[in-house]
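Summary of the model geometry
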Amino acid sequence: IAGITQAPTSQILAAGRRMTLRCTQDMRHNAMYWYRQDLGLGLRLIHYSNTAGTTGKGEVPDGYSVSRANTDDFPLTLASAVPSQTSVYFCASSDGHGYTFGSGTRLTVV
Amino acid sequence: DQQVKQNSPSLSVQEGRISILNCDYTNSMFDYFLWYKKYPAEGPTFLISISSIKDKNEDGRFTVFLNKSAKHLSLHIVPSQPGDSAVYFCAAPGTGSARQLTFGSGTQLTVLP
């Protein structure tokens, strides 16, 4: 089934640890995005990528980094996790018309 | 500055009645709007969209209305069903090259049987 795969589905992480959230799509969409969802705040954009090899900062990029080595993969890295990064993270992709979201990664930083 | 706003965090409606979810925006450059539905532990799924050149788009039980002069859109669900209970997000693609979506804060709809 075409779509977006995110891993892990959930994780408890000690503060200060490094963590990479994985995102893979099989739709050959050029654009990919990372959002975090927090209660009362909706989904906020962390980073995005127009196409392989390019990335850009969203609304809340601090503490996060991304890479886009190829079309399919768009990993999100927390270099040194802090409790305020406790959230649900969604990866999405777009072909310029529609947007497809993954099922999310629930991350708890303790 | 929140460019897309949903001022009602929750809404309860009786089964069979109409649900009306509202969304306001501030950026007059937005040319397209989308509604997403989200169940717990799942990603948002696309529901319906509307281009800024239209004032109404209908798809089955779902209709979206756009009032550009008021910078306001609304989603009507008729008749409402218990399976419609979910969080509904209004969103608009930005004008940048990545067309990244800007979301409202969401409205939790509960349809009571």
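Here, the structure is the one placed above.
Now for a look at the structure at hand. Throughout, a residue's number is its position along its own chain's written sequence, starting from 1. The naming scheme follows written order: chains are lettered A onward, ligands numbered 1 onward. Residues qualify for local features only when their pLDDT is at least 70, as the model is predicted, and side-chain atom pairs are given and counted only at 80 or more; totals for whole chains, interfaces and linings, by contrast, use all residues. With hydrogens and water set aside, each side-chain value is computed from the structure's full complement of heavy atoms.

Observations concerning the environment of Val60 of chain A
All names here are of chain A. Structurally, Val60 is set in the loop between strand E6 (56–57) and strand E7 (64–66). In this structure, the C-alpha to C-alpha distance between Val60 and Leu45, residues 15 residues apart in sequence, is 6.3 Å. Residue contacts are counted whenever heavy atoms from the two residues lie within 4.5 Å of one another. Each residue touching Val60, except ones within four places of it in the same chain, is listed here: Arg36, Arg44, Leu45 and Ile46. A run of H or I in DSSP becomes a helix once it reaches four residues, and a run of E becomes a strand once it reaches two; helices and strands are each numbered from the N terminus.

Considerations on a nonpolar patch on the surface
All names here are of chain B. Candidate patch residues must exceed 30% relative accessible area and have no salt bridge, after which like charges are joined if within 9 Å and Val, Leu, Ile, Met, Phe, Trp or Tyr side chains if within 5 Å. Computed by Shrake-Rupley with a 1.4 Å probe, the accessible areas treat only the displayed protein chains as cover when residues are assessed. When a carboxyl oxygen of Asp or Glu is within 4 Å of a side-chain nitrogen of Lys or Arg, the pair counts as a salt bridge. Side chains of Ile18, Ile20 and Val78 sit close together on the surface and give an oily, nonpolar patch of about 220 Å² of accessible area. Note on placement: Ile18 falls in the loop between strand E2 (10–14) and strand E3 (19–25). Buried, partly exposed and exposed residues are distinguished by accessible area as a fraction of the type maximum, computed with a 1.4 Å probe on protein chains only: under 20%, between the cut-offs, and over 50%, respectively. Judged by relative accessible area, which is 40%, Ile18 ranks as partly exposed.

Some details on the packing of aromatic side chains
Residues and elements named next belong to chain B. Pairing of aromatic side chains here covers Phe, Tyr and the six-membered ring of Trp, requires ring centres within 6.5 Å, and sorts the geometry by plane angle: under 30 degrees stacked, over 60 edge-to-face, intermediate tilted. Enumeration according to the criterion identifies 13 aromatic pairs over all chains in this entry. Aromatic side chains Phe30 and Phe33 sit 6.2 Å apart centroid to centroid with 85 degrees between the ring planes, which places their arrangement in the edge-to-face category. Note on Phe30: relative accessible area 5%, which makes it buried. Looking at Phe33, the relative accessible area reads 1%, which means it is buried.

Brief notes about the pairing of strand E4 (residues 31–38) of chain A
Residues and elements named next belong to chain A. Burial within E4 is extensive, with 8 of its 8 residues counted as buried. A two-sided burial pattern is seen for E4, the buried positions comprising Ala31, Tyr33, Tyr35 and Gln37 on one face and Met32, Trp34, Arg36 and Asp38 on the other. A pair of strands is considered paired only if DSSP assigns at least 2 bridges between the two. In this sheet, strand E9 (residues 87–94) lies alongside E4 in antiparallel orientation, the contact comprising 7 bridges. Paired with Met32 across the bridge in E9 is Ser93.

Regarding the nonpolar core
Inside soluble globular proteins, nonpolar side chains tend to come together where they are buried. We call a set of buried residues a nonpolar core when its members are Ala, Val, Leu, Ile, Met, Phe, Trp, Tyr or Cys and they connect through side-chain atoms within 4.5 Å of each other. Grouped together as the largest cluster of nonpolar side chains are 23 residues, with contacts concentrated most on Phe33, Trp35, Leu73, Leu75 and Tyr88 of chain B. Listed by contribution, the elements that provide at least two residues to this core are E3, strand E4 (32–38), strand E5 (45–51), strand E7 (62–67), strand E8 (72–77), strand E9 (86–93) and strand E11 (107–112) of chain B.

Topic: the sheet that holds strand E1 (residues 4–7) of chain A
Residues and elements named next belong to chain A. The strand order E1-E3-E8-E7 describes an open sheet built from 4 strands, whose pairing is antiparallel. Both edges of this open sheet fall to E1 and E7, since each of them pairs with a single strand only. Averaged over all pairs of adjacent strands, the angle between strand axes in this sheet comes to 20 degrees, irrespective of strand direction. Relative to strand E8 (residues 76–78), strand E3 (residues 19–25) is paired through 3 bridges, and the arrangement is antiparallel. Within E8, the position partnered with Leu21 by the bridge is Leu76. Axis geometry follows a simple rule: fit a line to the C-alpha atoms, using only the stretch in contact for helices, then measure angles between N-to-C directions, giving values from 0 to 180 degrees.

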